[in-house]
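Below, each chain spelled out in residue letters.
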Amino acid sequence: MTIARDLLGKILVTEFDGQRTSGRIVETEAYNGVTDRASHAWSGRRTKRTEVIFARGGTAYVYLIYGIHHLFNVVTNVKDTPHAVLIRALEPLEGIPVMLRRTGKPSPDHSLTRGPGNLSRALGLLTSHTGTTLLGDTIFIADDGWRPRRSDVVAGPRIGVDYAGEDALLPYRFFIKGSPYVSGRKKINQ
DNA sequence: CTGACGATTCACT
DNA sequence: GTGAATCGTCAGC
């Protein structure tokens, strides 16, 4: 939970085949383990797919949704405690031309890394990266000391988890107010 | 083995 | 605002 907030302002970096891309994290969502109906690990569901969420913190969990989009998560807790943080939006920093090529966009705009599906595509993240440690040199979190002002960090309900009942209302989504890269639907936004 | 569906996005009405 | 795309995962038979 605290970790989701602390990740705001940090830099997510991927480096595949010498192509480095990075972006500052401006939006995250926390998934709070077995008590969170919106989490894949809810109620102790532990399967081949979700196994990685039970790993120790600092592990990547990349999940394919709707057969189309990849969603990138960071496993945040100790072994056997399935907490994860979904990275929902970045502000592009390095490797923007590479991102453009990956996404097929002609020019950089706010949609390049806005939304978990777009972001993963821009950084070249695939489900095959699930289980990769973030302590290595292909996918990792960097910190240049930049921090959002405390008054600019906003918490709100998560997106796309309406099926989770009451848990869908929990303020587990954190984002930096005013960033043009923050995603969000029209309903419960900002 | 079979069927149902999702932590989304994009194009179209 | 609505609906389709598209496939790995999981539950059930």
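The structure under discussion appears in the preceding block.
Residues numbered from 1 in each chain as written. Chains lettered and ligands numbered in written order. Predicted model: local features only at pLDDT ≥ 70, side-chain atom pairs only at ≥ 80, totals over all residues. Heavy atoms only, no water.

### Quick look at the protein's contact with DNA strand C
Then, in step 1: Taken together, Arg45, Thr47, Arg49, Leu64, Tyr66, Gly67 and Ile68 form the complete shell of residues around DNA strand C.
Then, in step 2: Sugar and phosphate atoms represent 70% of those atoms of DNA strand C found within 4 Å of the protein.
Then, in step 3: Considered class by class, the residues forming the surface near DNA strand C number 3 nonpolar, 2 polar and 2 charged. (Near = heavy atom within 4 Å. Nonpolar A, V, L, I, M, F, W, Y, C, P; charged D, E, K, R; others polar.)

### Considering the environment of Arg102
Then, in step 1: Looking at the secondary structure, you find Arg102 in helix α2 (residues 96-103).
Then, in step 2: Residue Arg102 is classed as partly exposed on the basis of its relative accessible area of 24%.
Then, in step 3: Taking the C-alpha atoms as reference, Arg102 lies 7.1 Å from Gly124; in sequence the two are 22 residues apart.
Then, in step 4: When sequence neighbours within four positions are dropped, the list of residues in contact with Arg102 reads Phe16, Gln19, Thr21, Arg121, Ala122, Leu123 and Gly124.
Then, in step 5: A polar contact is formed between the side chain of Arg102 and the backbone oxygen of Leu123, at a distance of 3.3 Å. (Helix = DSSP H or I, 4+ residues; strand = E, 2+ residues; numbered from the N terminus. Buried < 20%, exposed > 50% of the residue type's maximum accessible area, 1.4 Å probe, protein only. Contact = heavy atoms within 4.5 Å. Polar contact = N/O pair within 3.5 Å; in protein donor to acceptor, adjacent residues only side chain to side chain.)

### Digging into the packing of aromatic side chains
Then, in step 1: Applying the stated rule across the entire model yields 1 aromatic pair.
Then, in step 2: Above the face of the Trp42 ring, Arg37 is positioned so that its terminal group lies 4.4 Å from the ring centre.
Then, in step 3: Over the ring of Tyr31 we find Arg158, and its NZ or CZ is 4.9 Å from the ring centre. (Phe/Tyr/Trp six-rings, centres within 6.5 Å; stacked < 30°, edge-to-face > 60°. Lys NZ or Arg CZ within 6 Å of the ring centre and 35° of its normal.)

Keep in mind that these numbers describe shape and distance, not what the molecule does.
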